[in-house]
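Coordinate analysis (summary)
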Amino acid sequence: MVNFLLKITADLENLTNLQPQGGRDDPLFPFYFKFKCGFCEEVSSKETCVCLNETVPMPNGRGTTNLVQKCKFCTREGTATMIPGRGKPLTKELSEAGKFAPLMVFDCRGFEPVDFAFGSGWKVQSIAGTTFEHVDLSAGEFAEYDEEGRCPVMVSNLLASFDVVK
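Reading the values: rules and limits
- Residues numbered from 1 in each chain as written.
- Predicted model: local features only at pLDDT ≥ 70, side-chain atom pairs only at ≥ 80, totals over all residues.
- Heavy atoms only, no water.
- Core = buried A, V, L, I, M, F, W, Y, C linked by side-chain atoms within 4.5 Å.
- Buried < 20%, exposed > 50% of the residue type's maximum accessible area, 1.4 Å probe, protein only.
- Contact = heavy atoms within 4.5 Å.
- Helix = DSSP H or I, 4+ residues; strand = E, 2+ residues; numbered from the N terminus.
- Pairing = 2+ DSSP bridges.
- Axes fitted to C-alpha atoms, helices over the stretch in contact; angles between N-to-C directions.
- Phe/Tyr/Trp six-rings, centres within 6.5 Å; stacked < 30°, edge-to-face > 60°.
- Lys NZ or Arg CZ within 6 Å of the ring centre and 35° of its normal.
- Salt bridge = Lys/Arg side-chain N within 4 Å of Asp/Glu carboxyl O.

It is worth spelling out the nonpolar core at this point. Ranked by internal contacts, the top residues of the largest apolar core, which has 36 residues, are Phe31, Phe106, Phe116, Trp122, Leu137 and Val155. When sequence neighbours within four positions are dropped, the list of residues in contact with Leu137 reads Leu18, Phe118, Gly119, Ser120, Trp122, Phe142, Val155 and Leu158.

Moving on to the side chain of Lys92. Counting through the fold element by element, Lys92 comes out in helix α1 (residues 92–96). The contact partners of Lys92, leaving out residues within four places of it in the chain, are Leu12, Asn14, Leu15, Thr16 and Ile127.

Let us look at unusual backbone geometry. In this structure, Asn14 is a non-glycine residue whose phi angle is positive, near 60°. Relative to the elements of secondary structure, Asn14 occurs in the loop between β1 (2–13) and β2 (15–20). The backbone of Arg150 sits at a positive phi, close to 55°, despite the residue not being glycine. Along the chain, Arg150 turns up in the loop between β13 (142–146) and β14 (151–165).

All right, on to the sheet that holds β14 then. Pairing within the open sheet is antiparallel, and its six strands lie in the order β7-β8-β9-β1-β14-β13. Every interior strand has two partners, whereas the edge strands, β7 (67–70) and β13, have only one. Across the sheet, the axes of successive neighbouring strands diverge by a mean angle of 30°, strand direction being ignored.

Attention shifts here to the packing of aromatic side chains. Under the defined criterion, the tally for this structure stands at twelve aromatic pairs. Relative to Phe31, the ring of Phe29 has its centre 4.9 Å away and its plane inclined at 80°; by these criteria the two rings are edge-to-face. Overall, Phe29 belongs to the buried group, its relative accessible area being 2%. Here Phe33 and Phe35 contribute two aromatic rings whose centre-to-centre distance is 5.0 Å and whose plane-to-plane angle is 80°, an arrangement assigned as edge-to-face. Both residues of the pair, Phe33 and Phe35, count as buried. One aromatic cluster in this structure is built from Phe29, Phe31, Phe33, Phe35, Phe106, Phe111, Phe116, Phe118, Trp122 and Phe162. Lys7 extends its terminal NZ or CZ atom over the ring of Phe100, reaching a point 5.1 Å from the ring centre. Across the ring face of Phe39, the terminal group of Arg76 is positioned such that the distance to the ring centre comes to 4.4 Å.

All chains considered together, the criterion is met by four salt bridges. One salt bridge in this structure joins Asp107 and Arg109, with 3.1 Å as the shortest N-O distance. What makes Asp107 buried here is its relative accessible area of 9%. Residue classification places Arg109 among the partly exposed positions, given a relative accessible area of 40%.

As structure tokens, then:
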């Protein structure tokens, strides 16, 4: 059993609290990333979607997991189980310090997650208090004008990484 912590960072201009639409443990938020097989080390060609509210039975019949997937190259099975409760929003302070914010922990067996893809379903708050919902980061950035705060806002230079954690 290996736990992988997905961490994110970005440049936030006049923004703070970048997080999934429904909060840090949003059951409907889709996480898209590729997997590297733990046996043959082949990386999947397409991103796989994992959501907290979607569960399937474990291959051995003991409990449930969020994803069961076979490697297309060696046909070995792997699982990914999401572990909520460890995520935090990316704040302006973390962003300015160049630090990452933890997003979600994945218990992966048989493969490891790589190449997280930012998509839609985010929310972020301006420093003036305006909340921008249903933000799409799939283009690699978000730019808007905050009428209330009378300033431009922007999310750019998105980065994500996975760290092994206990």
